[in-house]
Amino acid sequence: MNIGRKYTLPQHSRGFTLIELVVTISVIAILAAVALPRYITLQTQARAAKAQAIYGGVRSAAALAHAQAIATNITASGAAAITMEGQAVTLINGYPTADLPGIQTALQITNASEDINITVGGAGPGSLMTIDINGGTVPNCRVNYTSPAAGNSSPIISVDPSAC
């Protein structure tokens, strides 16, 4: 037994030095500072893409409903109804109305399913439905659908992804 000797760890068994730990933490902090703005930009691009996708969906749903109305000899003016995917869709002037039984049913979209906020302003011809993308800056991250105000006219569908 070596009573008077002090036990020392072998060279390879020692831990990290303070300098190594500081350098490692500094490198991680720099990487985080570079990655965070890119992550925020990625979120903005995702919301803008979502707005564009909903815009395309609204246009397609309105066109499909109008085509079905024409195919079933529904007149181009006044109120009517068609069935799409087993759901009743209300029409005004040959296109879906700007409310839940109209374009929202044709599009098959809800606030909960898509993390959006749908608001309806008014009823009948020329009414407006607004779809705001959650997380964006209102009113600059939205899709608008205005039902046709008169027979033989089309709905007005617009998208503004400028502040998503």
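Just above sits the structure.
Scope of this entry: the structure provided in the associated data block. Keep in mind it's a predicted model, so treat the numbers as computed, not measured.

**Here we look at the overall build of the protein chain**
Within the protein chain, the secondary structure is distributed over 3 helices and 7 strands. The helix and strand sequence of the protein chain, counted from the amino end, reads α-β-β-β-α-α-β-β-β-β. With 164 residues in all, the protein chain has 29% of them scored as buried. Look at the contacts in the protein chain between residues 6 or more apart in sequence, and 40% of them connect residues 24 or more apart. Charged side chains of the protein chain number 8 positive and 7 negative; the gap between the two group centres comes to 25 Å.

**Observations concerning the nonpolar core**
Core analysis: the largest hydrophobic core is formed by 29 residues, its most contacted members being I54, V58, I103, I116, I131 and Y145. Listed by contribution, the elements that provide at least two residues to this core are α1 (18-71), β1 (79-84), β2 (87-92), α2 (100-107), β4 (116-121), β5 (128-133) and β6 (142-146). Among residues more than four places away in sequence, those in contact with I103 are V58, A61, A62, P96, T97, A98, M129 and Y145.

Criteria and thresholds
Residues numbered from 1 in each chain as written. Predicted model: local features only at pLDDT ≥ 70, side-chain atom pairs only at ≥ 80, totals over all residues. Heavy atoms only, no water. Helix = DSSP H or I, 4+ residues; strand = E, 2+ residues; numbered from the N terminus. Buried < 20%, exposed > 50% of the residue type's maximum accessible area, 1.4 Å probe, protein only. Contact = heavy atoms within 4.5 Å. Lys, Arg positive; Asp, Glu negative; His and termini not counted. Charge placed at Lys NZ, Arg CZ, Asp CG, Glu CD. Core = buried A, V, L, I, M, F, W, Y, C linked by side-chain atoms within 4.5 Å.

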